[in-house]
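# Coordinates in review
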Amino acid sequence: MISDKMKELVKNNSVIREMFEEGKKLAQKYGKENVYDFSLGNPSIPAPEKVNKTIVEILKNEDSLKVHGYMNNAGFEDVREKIAEKINNKFETNFSKENIVMCVGAASGINIILKSILNPNDEVITFAPYFMEYKNYVNSYDGKLIEISPNTKDFQPKLEEFENKITEKTKAIIINTPNNPTGVIYSEETIKEISKILEKKQKQYGKEIFIISDEPYREIAYDNNVVPYITKYYDNTFVVYSYSKTLSIPGERIGYVVIPTQMKDSKNIITAVTIANRIIGCVNAPSLMQRVLIQCSDEKVDLTIYDENRKLLYNELTKYGFECIKPQGAFYLFLKSPIEDDLEFCKKAKEYNILFVPGSSFACKGYVRIAYCVSNEMIKRALPSFKKLAENYI
């Protein structure tokens, strides 16, 4: 018999994954070209050619024992130093390899942080809409996720509600900007206000409250929008980064955690996060992909493709009468459902072979998430079906 925790997870399996599987069934029935699957945030742009070439070169020329062997649980020293240098050059920070822990993608990065800082019944706050797995991650370490209700005007966080929900049990907040599912970037003003509130609350309760900044979409920003680097505003900040989206390698599971020296008790926390890497079962980040980052951490995919998709979808769907905030980053469009029941709207869309994810899966009912990390040709093929869908309501 499975555990009680897993019973709940099995019962409420990921809607995104279910929609993805539904898309495969529809493709078998109607043909792949006639199914418009916008459910999964799986990058559609190939990895930079240099990534592929570097993998081959490493396997040909480097010592296989080093390429495939164990290393410090925090990762290879030269890789961590390279990443620290890159961050310092870009954001005028002052990190060294000691501040970097390599991890198995951003999801693992969040988990090793939570494993290191949470005691039973500690609270972690996040802003709706949010990536649904946050609740599962927090629950895994016997914490409790506290939701701040969505601000559907512009999807910046509700700061008054945030301040009111901080208690003596609050251990951390999770920030995700550019945001999944809205594509909104939290403004510098918002980050400053969050930091000011947390500084005040730390003094009030006489304890540390951490920010966990989940940043897999940091490099995917449009229209010259700037994503604030949060360690510059608040000392007790973890930064979690993944190369899944910026290098289009989500299946390789490679990322890192930044733990600033300015963080209270940083030395012990760095040690704890490094040990957590081992004891949650990852042991270390994939060794081959760490070696690849020495040469490829500055590479990027061609964001003009996502930008073209963003503009095409936004312009056409709003022309049909749908409402949405224009995404500033990431590759998601958060569309307001024309009816209150977003699940029913998703069901109706499926009649036109359109698949997207209900906003209720992100703690924001009445919306749907459209992942536009797909081919431009598929979007063009889908537009007549979107128009027919709109005609049912608008």
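Residues numbered from 1 in each chain as written. Predicted model: local features only at pLDDT ≥ 70, side-chain atom pairs only at ≥ 80, totals over all residues. Heavy atoms only, no water.

## Overview of empty space enclosed by the protein
The following threshold applies: Here the term cavity refers to a set of points on a 1 Å grid, laid over the protein atoms alone, in which a 1.4 Å probe fits but cannot get out; the term pocket refers to an open set having protein on both sides within 12 Å along at least five of seven lines, with lining residues being those that place an atom within 4 Å of a point. Grid points are joined across faces, edges and corners, and a volume is the space filled by probe spheres set on the points. Only DSSP runs of H or I with at least four residues qualify as helices, and only runs of E with at least two residues qualify as strands; both kinds are numbered from the N terminus onward. Each residue is assigned to one of three groups, with Ala, Val, Leu, Ile, Met, Phe, Trp, Tyr, Cys and Pro labelled nonpolar, Asp, Glu, Lys and Arg labelled charged, and all others, Gly among them, labelled polar.
All told, the structure shown has two cavities of 30 Å³ or more when counted by the stated rule. When its volume is computed, the largest cavity comes out at roughly 100 Å³. I83, K86, I87, K90, F91, R218, E219, Y229, Y241, Y243 and Y256 are the residues that line the largest cavity. No other element matches helix α5 (residues 77–91), which puts five residues into the lining of the largest cavity. Among the residues making up the lining of the largest cavity, the classes are represented as seven nonpolar, no polar and four charged. Considering only enclosed or pocket space, the second largest cavity measures out at about 30 Å³ in volume. Lining the second largest cavity are F127, A128, S149, N151, F155, Q156, P157, K158 and Y186. In the lining of the second largest cavity, the residues fall into five nonpolar, three polar and one charged.

## Looking at the sheet that holds strand β3 (residues 123–127)
In plain terms, the rule: Two strands pair if DSSP finds at least two bridges between them. Under this scheme, a helix contributes an axis fitted over its contacting stretch, all axes are lines through C-alpha atoms, and angles between N-to-C directions fall in the 0 to 180 degree range. By the convention used here, residues are in contact when the closest approach between their heavy atoms is within 4.5 Å.
Pairing is mixed across the open sheet formed by seven strands, whose spatial order is β2-β8-β7-β6-β5-β3-β4. A single partner strand is all that each edge strand has here, and the edge strands are β2 (100–103) and β4 (144–148). Pairs of neighbouring strands in the sheet enclose a mean axial angle of 20 degrees, with direction left out of account. Contacting β2 and β8 (255–258), α5 runs over the sheet at an angle of about 115 degrees to β2. Against the sheet, helix α10 (residues 266–279) touches β2, β6 (210–214) and β7 (237–242), its axis set at about 15 degrees to β2.

## Overview of the nonpolar core
Rules: We call a set of buried Ala, Val, Leu, Ile, Met, Phe, Trp, Tyr and Cys residues a nonpolar core when their side-chain atoms join them within 4.5 Å. Partly exposed residues are those whose accessible area sits between 20% and 50% of the maximum for their type, while under 20% is buried and over 50% is exposed, using a 1.4 Å probe and protein chains only.
F38, F356 and F386 are the most contacted members of the largest nonpolar core, which totals 37 residues. For this core, the secondary-structure elements that each account for two or more residues are α12 (304–319), β10 (332–336), α13 (342–350), β13 (367–371) and α14 (376–391). Residue contributions to this core peak at seven residues, all from α14. Grouped together as the second largest cluster of nonpolar side chains are 31 residues, I113, A128, V138 and I269 included.

## Details of the sheet that holds β13
Either a parallel or an antiparallel arrangement is found when strands of a sheet pair, and the pairing is made through backbone hydrogen bonds. Strands sit in the order β9-β10-β13-β12 across an open sheet of four strands; the sheet is antiparallel. The open sheet is flanked by β9 (323–324) and β12 (357–358), the only strands paired with a single partner. By the bridge criterion, two bridges tie β12 to β13 in an arrangement that is antiparallel. The residue of β13 that forms the bridge with P358 is V368.

## A look at the side chain of N277
Structurally, the position occupied by N277 is in helix α10. Not counting chain neighbours up to four residues away, the residues in contact with N277 comprise N73, V101, M102, C103, S108, I112, C282, V283 and N284.

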